[in-house]
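A structural walkthrough
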Amino acid sequence: MMLLMQPPPNTKTTSLSPLTSNCLPSMADCHRGDHDTSLSSEGKRKREMDPSIWSQLPIELLEQVLARLPPHFFLLLRPTCRHFSTLILSPSFLSLHSPLKAFSPPFSTPYLLLSHPLFHPNLHLYDFLHDQWRSISLPFPSSLSILSASSGLILFKVHKSPCLVIYNPLTKSCRSLRFSDGASVSHASIAASQPSDYDIVATNSSAAFYIYSSRRRRWSWIQPPDGSPLKNGKQEPVFCNSTFYIIGSDQFSVMGYRAESGKWGRVAPELPASLVFLRLASCQGKAYVVGGMGENGICRSLGVWEVEEEGGEVVELQRLPEAMCRKLVGLCYHNYELIHCVGHGDLVCVYSSIAPQVLVYMVSRRTWHWLPTCPSVPQTCAAGFRWFSFSPSLYSLV
């Protein structure tokens, strides 16, 4: 029986289906650690798992082993065979896995999802755990495009339609949702607080905001703070701790809306006056402001600020090195409307929608680096790149 995945040796892009049965070391090998790195090929062959033995593993024990894997491994297992595809959704397996679902892998949000209209029906995933690119296929037509992702759910909009689609790629369950006023959605974000609860904040072409609650099963109009529509430009709403943040009408201020109280508040009053553009991101329960600074509308520097939950004050964390800043603004040709941000685990990711590269700021270490480019992306590709944080979940209900 095949249990775990062994990445192909000569490529950085893999499908989510190939598994092998000879990639698990014995317990003795695990105890030896790094002392066996120079084993002969004959010794390595002796360590390989014998399929004739492991294929006889009782199904009850196999389920016990699989139940201890973190959810993102199920995305790898499901396409391998029909048995695994049905097993992970069976009541008996879910009853085994549920008490163990608090298990935390080395990187709790393993995938950064890259989307582009030309990729359809495929989505590319950067696997932080294995430093590899993978891909999954969507069961939808090309008229659907991704708006947001949260806790295993992906939110799509239907082109020239007031409908949204919520999809869980792991369970392959989906649901269609009609937008409140029948208009087409401009921007939207989904945030799942519990497996069965999620909220969607969406804005239409008139810049009116609506919030949908899965608990109440209805849309609610959000009263703007000054009674007039908020024009938030290219920035979609960002959720963090029951509050969603947007860029204000002046494009250089941040507004926060608490869904529970229904009240607005101005955030980050101490941002530099030299701002050229402003973006928002949320990760690990904290909101961050990313801003480009310069003179005469030309960005020369980029900074990251953390938004304090109490009072909405901001604390500057670090600025981007000059060489990296030049590369980033070069990717968008100084058209800063093409710059976007997304939070992912401990990372704040900054990218241009006309280039496949993504710049990553690690909050815990306060370091910057570029992620490896997906090798499946053509050298010349039209605008439309979008990045999303994605963590597969068996328990997120649509």
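Our structure's up above, just so we're on the same page.
In short, a report on the structure.

The rules we used
Residues numbered from 1 in each chain as written. Predicted model: local features only at pLDDT ≥ 70, side-chain atom pairs only at ≥ 80, totals over all residues. Heavy atoms only, no water. Phe/Tyr/Trp six-rings, centres within 6.5 Å; stacked < 30°, edge-to-face > 60°. Buried < 20%, exposed > 50% of the residue type's maximum accessible area, 1.4 Å probe, protein only. Lys NZ or Arg CZ within 6 Å of the ring centre and 35° of its normal. Pairing = 2+ DSSP bridges. Helix = DSSP H or I, 4+ residues; strand = E, 2+ residues; numbered from the N terminus. Axes fitted to C-alpha atoms, helices over the stretch in contact; angles between N-to-C directions. Contact = heavy atoms within 4.5 Å.

In this section: the packing of aromatic side chains. This model, assessed by the stated rule, comprises 17 aromatic pairs. Here Tyr126 and Phe128 contribute two aromatic rings whose centre-to-centre distance is 4.9 Å and whose plane-to-plane angle is 85 degrees, an arrangement assigned as edge-to-face. Its relative accessible area of 5% is what places Tyr126 among the buried residues. A centroid spacing of 5.3 Å and a plane angle of 55 degrees characterise the contact between Tyr212 and Trp219, whose relative ring orientation is tilted. In this pair, the class of Tyr212 matches that of Trp219, namely buried. The structure contains a cluster of three or more aromatic residues connected by ring pairs, namely Phe209, Phe239, Phe244, Tyr257 and Trp264. Over the face of the ring belonging to Trp370 we find Lys327, whose NZ or CZ atom lies 4.3 Å from the ring centre.

Turning our eyes to something else, we now look at the sheet that holds strand S22 (residues 347-352). Spatially, the four strands line up as an open sheet ordered S21-S22-S23-S24, and their pairing is antiparallel. Only two strands of the sheet have a single neighbouring strand rather than two, namely strand S21 (339-344) and strand S24 (367-370). Recorded for the sheet is a direction-independent mean angle of 20 degrees between the axes of neighbouring strands. Sheet topology places S21 next to S22; six bridges connect them, and they run antiparallel. Following the sheet pairing, His340 is matched in S22 by Tyr351. Across the face of the sheet, helix H8 (residues 322-331) comes into contact with S21, S22, strand S23 (358-362) and S24 while running at roughly 45 degrees to S24.

Residue placement: Met324 occurs in helix H8. Considered as a pair, Met324 and Trp370 are 46 residues apart in the sequence and their alpha carbons are 9.0 Å apart. In this structure, Met324 is in contact with Leu359, Trp368, His369 and Trp370, ignoring residues within four places of it in sequence.

These results come straight from atomic positions and should not be treated as a statement about function.
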